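A look at the structure
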Amino acid sequence: MRAVVMHEPGDVRVEDRPDPRIEEPTDAIIAVTAACVCGSDLWPYRGAESVHDQVMGHEYVGVVEEVGPEVSTIKGGDFVVGSFWASDGTCEICRSGYEAYCVHRVPMGAIGTQAQRARIPLADGTLVATPAMPDEDLLPSLLTASDVLGTGWFAAVAAEAGPGKTVAVVGDGAVGLMGILAARRLGADRVIACSRHEDRQALAREFGATDIVTERGDDAVVRIKELTDGLGAHSTIEAVGTQESMMQAIGATRPGGHVGFVGVSHDVAIPGGPLFMAGVHLHGGPAPVRRFLPELIDLIWNREIDPGRVFDLQLPLEDAAEGYRAMDERRAIKALLWP
Ligand SMILES: [Zn+2]
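Residues numbered from 1 in each chain as written. Predicted model: local features only at pLDDT ≥ 70, side-chain atom pairs only at ≥ 80, totals over all residues.

Naming follows an unreviewed UniProt entry, where the protein appears as Zinc-dependent alcohol dehydrogenase family protein of Aeromicrobium duanguangcaii. Word for word, the UniProt comment on the protein under Cofactor (unreviewed entry) is "Zn(2+)". (UniProt positions renumbered as here; feature names shortened; annotations may be inferred.)

1. So, the overall build of the protein
In terms of helices and strands, the protein carries twelve helices and 18 strands. Computed over its C-alpha atoms, the radius of gyration of the protein comes to 19 Å, within 12% of the 20 Å expected for a compact globule of 339 residues. Taken over the C-alpha atoms alone, the protein extends approximately 60 × 40 × 40 Å along its principal axes. Looking at the protein as a whole, 53% of its 339 residues qualify as buried. Counted over contacts in the protein with a minimum sequence separation of 6, partners at least 24 positions apart contribute 69%. (Helix = DSSP H or I, 4+ residues; strand = E, 2+ residues; numbered from the N terminus. Rg over C-alpha atoms; globule rule 2.2 N^0.38 Å. Buried ≥ 20, exposed ≤ 12 C-beta atoms within 10 Å, placed from the backbone. Contact = placed C-beta atoms within 7 Å.)

2. Concerning the pairing of strand β5 (residues 60-67)
Taken together, the seven bridges between strand β3 (residues 28-36) and β5 define a ladder with antiparallel strand orientation. Within β5, the residue paired with V32 across the bridge is G62. Examined bridge by bridge, β5 and strand β6 (residues 79-82) share three bridges and lie antiparallel to one another. Among the inter-strand pairings, V61 is bridged to a residue of β6, identified as V81. (Pairing = 2+ DSSP bridges.)

3. A look at the UniProt feature "domain: Alcohol dehydrogenase-like N-terminal" (unreviewed entry) in the protein
The UniProt feature table records "domain: Alcohol dehydrogenase-like N-terminal" (unreviewed entry) at residues 25-122. Secondary structure across residues 25-122 comprises 8% helix and 32% strand; the distance between its end C-alpha atoms is 9 Å.

4. Regarding the sheet that holds strand β12 (residues 190-194)
A sheet is described by the order of its strands in space; here six strands give the open sequence β13-β12-β11-β14-β15-β16, paired in parallel fashion. At either end of the open sheet lies a strand with only one pairing partner, and these are β13 (211-213) and β16 (281-284). The average angle at which neighbouring strand axes cross in this sheet is 20°, direction not considered. Relative to β13, β12 runs parallel, the two being bridged by three bridges. Residue pairing across strands places I192 opposite D211, the latter belonging to β13. The sheet contacts of helix α8 (residues 217-226) involve β11 (166-170), β12, β13 and β14 (233-238), and relative to β13 the element is tilted by about 155°. (Axes fitted to C-alpha atoms, helices over the stretch in contact; angles between N-to-C directions.)

5. A look at the sheet that holds strand β1 (residues 2-8)
Spatially, three strands are ordered β2-β1-β4 in an open sheet, and the strand pairing comes out antiparallel. Among the strands making up the open sheet, the edge pair consists of β2 (11-16) and β4 (54-55). Summarising the sheet, β1 and β2 pair through six bridges and their orientation is antiparallel. The residue of β2 that forms the bridge with M6 is V12. Sitting on the sheet, helix α12 (residues 320-328) touches β1 and β2, and the angle it makes with β2 is about 160°.

6. So, the pairing of β1
Here β1 folds back onto β2 in antiparallel fashion, the turn holding two residues, of which G10 has a positive phi close to 80°. As paired strands, β1 and β4 are joined by two bridges and run antiparallel to one another. Opposite M6, over in β4, you have Q54 as the bridge partner.

7. Points about the domain arrangement of the protein
Annotation of the protein at the domain level lists domain 1 (2-147 + 288-338) and domain 2 (152-284). Listed by partner, the interface residues are 15 residues for domain 1 and 14 residues for domain 2. The leading source of residues in the side of domain 1 that touches domain 2 is helix α11 (residues 289-301), at three residues. (Domains from an automatic or database assignment.)

8. Describing α11
Since one α-helical turn is 3.6 residues long, residues separated by three or four positions face the same way. The end-to-end C-alpha distance of α11, which contains 13 residues, comes to 17 Å, matching closely the 18 Å that a straight helix rising 1.5 Å per residue would cover. Within α11, the axis deviates most sharply at E295, by approximately 35°. Looking one or two residues beyond α11, the residue adopting positive phi is R303, at roughly 55°. (Expected span 1.5 Å × (residues − 1). Bend = angle between axes of the 7 residues up to and from the residue.)

9. Topic: the nonpolar core
Residues A28, V167, V169 and I180 are the most contacted members of the largest nonpolar core, which totals 110 residues. Counting contributing residues per domain, this core is built from domain 1 (2-147 + 288-338) and domain 2 (152-284), each supplying no fewer than three. (Core = buried A, V, L, I, M, F, W, Y, C linked by C-beta atoms within 7 Å.)

10. Concerning the environment of M56
Inspection of the secondary structure assignment puts M56 in the loop between β4 and β5. Distance from M56 to V37, taken between C-alpha atoms, is 8.5 Å for residues 19 residues apart in sequence. In this view, M56 contacts V4, V5, M6, D41, G112 and Q114; residues no more than four positions away in its chain are not counted.

11. Quick word on the UniProt feature "domain: Alcohol dehydrogenase-like C-terminal" (unreviewed entry) in the protein
The sites that UniProt annotates as "domain: Alcohol dehydrogenase-like C-terminal" (unreviewed entry) are residues 174-289. Structurally, residues 174-289 comprises 42% helix and 23% strand, and the distance from its first C-alpha atom to its last is 15 Å.

12. So, the packing of helix α5 (residues 148-158) against α11
Contact geometry for α5 and α11: axes closest at 9 Å, N-to-C directions at 105°. Here α5 lies roughly perpendicular to α11, going by the angle between them. Contact residues: α5 offers L149, G150, T151, W153 and F154, while α11 offers V289, F292, L293 and L296. A breakdown of the residues in the contact of α5 with α11 according to their chemical character gives seven nonpolar, two polar and no charged. (Parallel < 35°, antiparallel > 145°, perpendicular 65-115°, else oblique. Nonpolar A, V, L, I, M, F, W, Y, C, P; charged D, E, K, R; others polar.)

Right, dumping it as structure tokens:
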């Protein structure tokens, strides 16, 4: 099969790899229908994380080709969506809704889903089948549920977005944009998007942003406070993962408010003094996307949300290197790959 491999930072190639096979009785093998490049894939691409001959990709939708003897809820021919963490769905952590921290979890990024096929461990816990084969035009939106929408949704839930709330969103990448959609869908009255790029501002408004802030860092905090009677947002979504974005999120949140942080943290060190004086709730980390999959698939299936709009570049898998380049150069928000 063909699969994406990152040899070194900036060196992405599509190569022949062995077809996956059932290794554990709880595995499934899927033919990947659509995969994509994640913002987190750009960290190794830019050399901010070490990488060497690494298979890539952790977001996927596909058709089940084969299941192991202990798989009972998924069968051959099912169209499935799964989380970027494989999880058993049965341990105490899974049952509490934190499947990304399952005691038996497997990171899908180590298996690589930017490929024609993928092995999905713990298939019963990880995969959710759609009601039938989806229409072609639903595929991008279903793919977002695998990570970027699920992560934005978790951030909005962690930030306690809801009716009567003003939600600030730090980060105008795909996850931030999905956080806007989620916050509105969860009933937020106002959503303040932070973006200085016109194309992303337009998409932010389409997904439900009511206000746009173009400042960054401390200046953005000042602006968000101006927009909220000097108080700050009730809820803030942090979707970048840098020191500046984290401190902006904490600073933009009113006392008693909630920060949902999902940007993969890179060298973030929160100073105790400002944290102590902020009086905010902090909750985040790798999103337990599996918790939200049934609800998100339902919303997409019934065409109540259209998160697939976040893919502004679609390429054959063979052109994966261009997808990485376009996202790295910010020519694309998110690149979908068709195997
Ligand atoms: Zn578990």
